[in-house]
Amino acid sequence: MGKPDRKLLAAIQRHSARVYDLIKDDMISDSEKKAVSPIVFETQRGKLYQEDCLVLMPTVADDSVDLIFADPPFNLNKLYPSKIDDNLKEEHYLRWCERWAEECVRILKPGGSLFIWNLPRWNTHMAAFLNNRLTFRHWIAVDVKYSLPIPGRLYPSHYSLIYYCKGDKPKTFHPDRLPMEICPHCVGDLRDYGGYKHKMNPSGVNMTDVWYDIPPVRHAKYKKRKNANELSVRLMDRIIEMASEEGDLVFDPFGGSGTTYVVSEMKKRQWIGTEIGPVDDIVSRLENLGDEVEYLEKMRKDYNCLFTDRCLKKRIEYGLWTPESVKKKHAKKQQQKRLFVENYNQ
Ligand SMILES: C[S@@+](CC[C@H](N)C(=O)[O-])C[C@H]1O[C@@H](n2cnc3c(N)ncnc32)[C@H](O)[C@@H]1O
């Protein structure tokens, strides 16, 4: 075919779904054409497969999933329990990502949302690929310090979470409101809110597209799986809360330790999951949700308020402003103004 010209490439991109339908059988290798293995674990809400996502996804109906979250291997030559090759040639890795992403686009419901978690380097490609297929919502920078500085480069300090929806707008979008940022030591303000304190929403501040409050799961006590990236419950709770309703169907093609399935289960979402490698950790997490339920409930108490309970108590103790004190002060000022005007007019 030689080097296709730009017009041809643009036309192929415009009609990518039709082109993919025509050629997909040729692109799927024989090993992937095999039948899907049976479900390995099931709850009332979810089904877990031990399967290559590229084998499972073609069996999922078009337009059937409300929310997809994908956290693929980052191609960093990491050793996974599944022993997958995590050191592919760049071109090979990106073509593989495009294949599962194309399937995500197909199975997503109109109005459904897709989130992909990856290094900025790979997500620039994924965004270019998805821009022709879905509607871009956000590039969310999640502040997580990578382990080591890289010589000659800026210190990488965020992961990228790209967020797309199918159609013009998402059918569900209710981001939590977050507590105001305060000094962790003296609980004082980090910014000067001047005369606008009374205008601050007591339910908390709007979520931005930079997330500073998602800690990596490092502590052995909380880690459910050795030798693997495991995302925090806090991250999955935020995404699932923002982009789905109870009863909605959530899909994650890369199970890992099962964080997406565990959080979906706790938040009463239906879910479908698959992991190509061992699934024992996922099953044992799903069978022992107690600690995770407790953690989630405790964590959610700190959302949708301007100050957490702990912080509010300390602020009162230290004589710092609170929504209540500001409201009172503001009401007093308004009253004084009214009296002044009344006296002046007499
Ligand atoms: C980065 S981890 C996901 C971690 C997960 N989000 C968590 O919080 O535990 C990626 C996982 O995808 C699995 N994987 C890789 N290729 C796969 C494929 N083709 N189908 C299904 N799972 C795959 C790997 O074995 C690995 O466990």
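Notes on the structure in this doc start here. Quick caveat, the model's predicted, so the values are computed rather than measured.

Right, let's talk about the side chain of Asp252 for a bit. Along the chain, the position of Asp252 falls in strand E8 (residues 249-252). Within the buried core, Asp252 has no salt-bridge partner, and the shortest N-O distance to an opposite charge, that of Arg285, equals 9.6 Å. In this structure the side chain of Asp252 is engaged in a polar contact, spanning 2.6 Å, whose partner is the side chain of Thr260. Once residues lying within four places of it in the same chain are set aside, the contact partners of Asp252 are Phe69, Ala70, Asp71, Thr260, Tyr261, Ile272, Gly273 and Thr274.

Let us now look at the site of the ligand. The environment of the ligand is made up of 23 residues, and the closest members are Asp71, Ser82, Ser257, Thr259 and Glu275. Interatomic distance of 2.9 Å between a side-chain N/O atom of Asp52 and a nitrogen atom of the ligand. The backbone of Leu231 places a nitrogen or oxygen atom 2.8 Å from an oxygen atom of the ligand. In the complex, 98% of the free accessible area of the ligand, which totals 600 Å², lies under the protein chains.

What follows concerns the nonpolar core. Trp100, Phe115, Trp117, Leu130, Leu161, Trp211 and Ile239 are the most contacted members of the largest nonpolar core, which totals 75 residues. Broken down by element, this core gets its largest block of residues, nine residues, from helix H4 (residues 90-107). If you look at the next biggest cluster of nonpolar residues, it comprises nine residues, including Val187, Met200, Phe307 and Val326.

What follows covers the packing of aromatic side chains. A complete count under the given rule lists 13 aromatic pairs for this structure. Taking 5.1 Å as the distance between ring centres and 75° as the angle between the ring planes, the aromatic pair formed by Trp100 and Phe254 counts as edge-to-face. One end of the pair, Trp100, is in helix H4; the other, Phe254, is in the loop between E8 and helix H7 (259-266), and 154 residues separate them in sequence. The class of Trp100 is buried, set by a relative accessible area of 0%. Here the guanidinium or amino end of Arg133 rests over the ring plane of Phe129, the centre of that ring lying 3.7 Å away. In this structure, Arg238 is placed above the aromatic ring of Trp211, and the distance from its NZ or CZ to the ring centre is 5.0 Å.

Thresholds applied
Residues numbered from 1 in each chain as written. Predicted model: local features only at pLDDT ≥ 70, side-chain atom pairs only at ≥ 80, totals over all residues. Heavy atoms only, no water. Helix = DSSP H or I, 4+ residues; strand = E, 2+ residues; numbered from the N terminus. Buried < 20%, exposed > 50% of the residue type's maximum accessible area, 1.4 Å probe, protein only. Lys, Arg positive; Asp, Glu negative; His and termini not counted. Salt bridge = Lys/Arg side-chain N within 4 Å of Asp/Glu carboxyl O. Polar contact = N/O pair within 3.5 Å; in protein donor to acceptor, adjacent residues only side chain to side chain. Contact = heavy atoms within 4.5 Å. Near = heavy atom within 4 Å. Areas by Shrake-Rupley, 256 points an atom, 1.4 Å probe, with all protein chains shown as cover. Core = buried A, V, L, I, M, F, W, Y, C linked by side-chain atoms within 4.5 Å. Phe/Tyr/Trp six-rings, centres within 6.5 Å; stacked < 30°, edge-to-face > 60°. Lys NZ or Arg CZ within 6 Å of the ring centre and 35° of its normal.

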